[in-house]
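Reading the structure
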Amino acid sequence: MITVGSLAPCLGGALVLGGVAVAASRRRELMIRWCAWAVGVPLVTGAFWLGPPGAAAVAMVAGLIAVAEYGGLMRLGLPDRLVLAAGVTGVVLAAWLAPGEVPRVLAIGALAVAAVPLLAGDAEDGQRRLSAGLLGLAWLSVLAALVPLGASALALFVAVSVADIAAYFTGRRLGGPRLSPLSPAKRWSGTLAGAGAGLAVLALLSALSWPMAVAVAVGGPAGDLLESMVKRGAQVKDAGRWLPGSGGLLDRIDSLLVALALLLVLR
């Protein structure tokens, strides 16, 4: 069984090796990104060490930041963002305190999101606001899965992150057919190499199973394409500008979100 204690030494070793590699590359962009990882990984790992309360705290903080970024991408007003944030937070709290009530809380959140443009009588823009709000609720509420999955979610995040990095560099080097028009820079060569790297990480972490493998190999790229679709619709490159080397939080966890959803379905 995977535990946070068994993952911690692996994560620490990976940070050290990554720091050495980044220092040897002398690339400023990579150094900035590594520094962000050096701060974030210990904080998240420490929170998961606390069990469900810590995982719930991570999910809520990430959910609120993601809602803010998503609301900006979709041009949602303050009432829409507040209700969406409340819905995502409610699902996370239910996953922690009353797991059996998650479907009910999710349904209440969907009704609340729909009520905002309806009560405003927004005939001109209400349909777009409703669609964007429901998509955001379905997409970002997946963060609640961090609570029941615990250390497995942490291992999944590591594997998906390594797969993203491997796909980026391999795709640039090897080229080949594009993965999708939604993201012209991504290639099938990189996607396949990234999947292989992600599965290798799962094996090293003793977390390899067929649901985890499918979540990394299929869910990771699908999540990346989903955010690319949203960003292309908004005509922006990044979901935010505050996270060093990564743009915004959504740019960092986009692959994880769909991978988590897929893992929940397959378990």
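We now turn to the structure provided with this report. (Residues numbered from 1 in each chain as written. Predicted model: local features only at pLDDT ≥ 70, side-chain atom pairs only at ≥ 80, totals over all residues. Heavy atoms only, no water.)

1. Things to note about the overall build of the protein chain
- When you go through the protein chain residue by residue, the secondary structure sums to 11 helices and 0 strands.
- The globule rule puts the C-alpha radius of gyration for 267 residues at 18 Å, and the 19 Å found for the protein chain is close to it.
- Judged by the C-alpha coordinates and their principal axes, the protein chain covers about 60 × 40 × 30 Å.
- When burial is assessed residue by residue, the protein chain has 45% of its 267 residues classed as buried.
- Considering only contacts within the protein chain whose residues lie at least 6 apart along the sequence, 70% involve residues at least 24 apart. (Helix = DSSP H or I, 4+ residues; strand = E, 2+ residues; numbered from the N terminus. Rg over C-alpha atoms; globule rule 2.2 N^0.38 Å. Buried < 20%, exposed > 50% of the residue type's maximum accessible area, 1.4 Å probe, protein only. Contact = heavy atoms within 4.5 Å.)

2. Regarding the packing of helix α4 (residues 78-97) against helix α6 (residues 126-140)
- Two numbers describe how α4 lies on α6: the axes approach to 10 Å, and their chain directions differ by 25°. The angle between α4 and α6 falls in the class roughly parallel. Note that α4 runs across α6; the crossing there is right-handed. Contacts between α4 and α6 involve D80, L84, G87 and V88 from the former and R129, G133, G136, L137 and L140 from the latter.
- Of the residues belonging to the contact of α4 with α6, the class tally is 4 nonpolar, 3 polar and 2 charged. (Axes fitted to C-alpha atoms, helices over the stretch in contact; angles between N-to-C directions. Parallel < 35°, antiparallel > 145°, perpendicular 65-115°, else oblique. Left-handed = near helix turned anticlockwise from the far one by under 90°. Nonpolar A, V, L, I, M, F, W, Y, C, P; charged D, E, K, R; others polar.)

3. Here's the deal with the pattern of salt bridges
- Inspection of the entire model under this criterion finds 9 salt bridges.
- The closest approach of N and O atoms between E101 and R104, which form a salt bridge, is 2.7 Å.
- In this structure, D164 engages R252 in a salt bridge whose closest nitrogen and oxygen atoms are separated by 3.6 Å. Pair noted here: D164 is in helix α8 (residues 151-174) and R252 is in helix α11 (residues 249-266), with a separation of 88 residues, a long-range link.
- Note on D164: relative accessible area 23%, which makes it partly exposed.
- Where salt bridges share partners, they join D80, D122 and R129 into one cluster. (Salt bridge = Lys/Arg side-chain N within 4 Å of Asp/Glu carboxyl O.)

4. Section: helix α2 (residues 28-49)
- Spanning 22 residues, α2 covers 32 Å between terminal C-alpha atoms, matching the ideal 32 Å at 1.5 Å per step.
- Along α2, the residues classified as buried are V41, T45, A47 and F48.
- Packed against the buried residues of α2 are α1 (4-25), α3 (52-73), α7 (146-149) and α8.
- Count one or two residues on from α2 and you reach G51, which has phi positive near 90°. (Expected span 1.5 Å × (residues − 1).)

5. Remarks on the packing of aromatic side chains
- Considering all chains together, one arrives at 3 aromatic pairs under this definition.
- Ring plane angle 80° and centroid distance 5.1 Å describe the contact between Y168 and F169, whose orientation is recorded as edge-to-face.
- Take Y168: its relative accessible area is 45%, and that puts it in the partly exposed class.
- F169 sits in the partly exposed class, given a relative accessible area of 36%. (Phe/Tyr/Trp six-rings, centres within 6.5 Å; stacked < 30°, edge-to-face > 60°.)

6. A word on the side chain of T45
- Considering the arrangement of structural elements, one finds T45 in helix α2.
- Not counting the four nearest positions on each side in its chain, T45 is found in contact with V4, A8, L11 and L154.

7. Re a nonpolar patch on the surface
- Taken together, L93, W96 and L97 make up a surface patch of nonpolar side chains, about 280 Å² in accessible area.
- Mapped onto the elements of the fold, W96 is located in helix α4. (Patch = residues over 30% accessible without salt bridge, like charges linked within 9 Å, V, L, I, M, F, W, Y side chains within 5 Å. Areas by Shrake-Rupley, 256 points an atom, 1.4 Å probe, with all protein chains shown as cover.)

8. A closer look at the nonpolar core
- Counting 64 residues, the largest nonpolar core has Y70, L140, L146, L156, L250 and L260 as the members making the most contacts within it.
- Looking at which element gives the most residues to this core, the answer is α8, with 10 residues.
- Excluding its chain neighbours within four sequence positions, the residues that come into contact with L260 are V142, A145, L146, L149, A153 and L156. (Core = buried A, V, L, I, M, F, W, Y, C linked by side-chain atoms within 4.5 Å.)

9. Remarks on the environment of W49
- Take W49: it is sitting in helix α2.
- As a C-alpha pair, W49 and A66 span 17 residues in sequence and 23 Å in three-dimensional space.
- Those residues in contact with W49 that lie beyond four places of it in its chain are V4, G5 and A8.

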